[in-house]
Amino acid sequence: MIRYFLFILLVLAGHSSIAQSSIYVRVNLAGYQNNDPKEALVFSNAAIKRSAFYVVDDSTGQRVFKGVMQRSKAPRYGKFEFYYALDFSVFNQSGRYHL
C-alpha cells in the first residue's frame, strides 16, 4: 500500500524582531510520510522572539496545526548563532501544506 505524503512548502514571512537579520528554514521538500517524524530547522544570526509556528492547508488557507519553536541546544555551526527546531510530528493528515 502506498502511503500518502504530507508535503510541506516553505512560506516565511518577516517579523519585526528579526527585520535586520535573515532567517533560513530547512525542511524536507520531498514531503513526509504520515507517521514519520517531521521537523524543520530555523537558522538565524539574531534571536527570534516569536515562538509559535503553524502548518497551513494549501487549498483552504486554514491553520491545521500550531506548534512551538524550540531553541536548539546544538553548538554553533557555521555562521549562524541561533538554531530552532519546529517539530510537527504529531500532525499526520495527508495533503499539501506549508509552514
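For the structure, see preceding data.
As the structure is a prediction and not an experimental result, all values here were calculated from the model. (Residues numbered from 1 in each chain as written. Predicted model: local features only at pLDDT ≥ 70, side-chain atom pairs only at ≥ 80, totals over all residues. Heavy atoms only, no water.)

1. Regarding the overall build of the protein
Argument step 1. When you go through the protein residue by residue, the secondary structure sums to zero helices and nine strands.
Argument step 2. Secondary structure elements of the protein occur, N-terminal to C-terminal, as β-β-β-β-β-β-β-β-β.
Argument step 3. Within the protein, the fraction of its 99 residues that count as buried is 34%.
Argument step 4. Excluding contacts between residues fewer than 6 apart, the proportion of contacts in the protein whose partners are at least 24 apart in sequence is 62%.
Argument step 5. Surface exposure of the protein reaches about 6700 Å², of which carbon and sulfur atoms provide 53%. (Helix = DSSP H or I, 4+ residues; strand = E, 2+ residues; numbered from the N terminus. Buried < 20%, exposed > 50% of the residue type's maximum accessible area, 1.4 Å probe, protein only. Contact = heavy atoms within 4.5 Å. Areas by Shrake-Rupley, 256 points an atom, 1.4 Å probe, with all protein chains shown as cover.)

2. Notes on the nonpolar core
Grouped burial of nonpolar side chains is what soluble globular proteins tend to show.
Argument step 1. A40, V42, V55, L86, F88 and L99 are the most contacted members of the largest nonpolar core, which has 18 residues in total.
Argument step 2. Going through the elements one at a time, β2 (23-26), β4 (39-44), β5 (52-57) and β8 (82-87) are the ones with two or more residues in this core.
Argument step 3. Ranked by residue count, the leading element in this core is β8, at three residues.
Argument step 4. If near-sequence neighbours (up to four positions away) are discounted, L86 is found in contact with K38, E39, A40, V42, F53, M69 and L99. (Core = buried A, V, L, I, M, F, W, Y, C linked by side-chain atoms within 4.5 Å.)

3. A look at the sheet that holds strand β7 (residues 70-71)
Argument step 1. Across the sheet, four strands lie side by side as β2-β4-β8-β7; this open sheet has antiparallel pairing. Of all the strands in the sheet, the pair left with one neighbour each is β2 and β7. (Pairing = 2+ DSSP bridges.)

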